[in-house]
Amino acid sequence: MSRIRIHIDRLVLPAMDIGDRNALVEGLRSELTRVLSDPASGPNSHRTPVLRLGRMPLAPGPSGSRKFGSALARSIGKGLKP
């Protein structure tokens, strides 16, 4: 089993309620864990300093924030594939 280490230097979030912010971070964390633990993604030794993901809609409330965090994590997983 390979070890994957991701360092997110900065996460800039729009002005939002603390509950929404926490939901977004939790959605991001849990989905990144799922996406990166998938054996199909395979170990990868390249470094990707910047990922440009494009526009992503952010619906209001904790549910919208959690969905946004999950979608962000899936996009990161796709961007890390060779």
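Since the model is a prediction, treat every value here as computed from it, not as a measurement. (Residues numbered from 1 in each chain as written. Predicted model: local features only at pLDDT ≥ 70, side-chain atom pairs only at ≥ 80, totals over all residues. Heavy atoms only, no water.)

Caption draft 1: Helix α2 (residues 61-80), seen in detail. Over its 20 residues, α2 runs 29 Å from end to end, which matches the ideal 28 Å to within 8%, given 1.5 Å per residue. The set of residues buried in α2 consists of G64, S65, F68, G69, S70, L72, A73, I76 and G77. Lining the buried residues of α2 we find α1 (18-37). (Helix = DSSP H or I, 4+ residues; strand = E, 2+ residues; numbered from the N terminus. Expected span 1.5 Å × (residues − 1). Buried < 20%, exposed > 50% of the residue type's maximum accessible area, 1.4 Å probe, protein only. Contact = heavy atoms within 4.5 Å.)

Caption draft 2: Main features of the environment of S65. Structurally, S65 is set in helix α2. On the basis of relative accessibility, which here comes to 1%, the residue S65 falls in the buried class.

Caption draft 3: Seen up close, α1. Over its 20 residues, α1 extends 28 Å from the first C-alpha to the last, a length consistent with the 28 Å expected when each residue adds 1.5 Å. Restricting attention to buried positions, one finds in α1 the residues D20, A23, L24, G27, L28, E31, L32, V35 and L36. On an axial view of α1, the arc spanned by its buried residues comes to 165°, and they lie on one face. For α1, the exposed residues set more than 90 degrees away from the buried face come down to I18, T33 and S37. Turning to α1, the residues buried within the fold contact α2. Measuring from the side-chain oxygen of the N-cap residue of α1 to the backbone nitrogen of G19 gives 3.1 Å; that N-cap residue is D17. (Arc of directions from axis to C-beta. Polar contact = N/O pair within 3.5 Å; in protein donor to acceptor, adjacent residues only side chain to side chain.)

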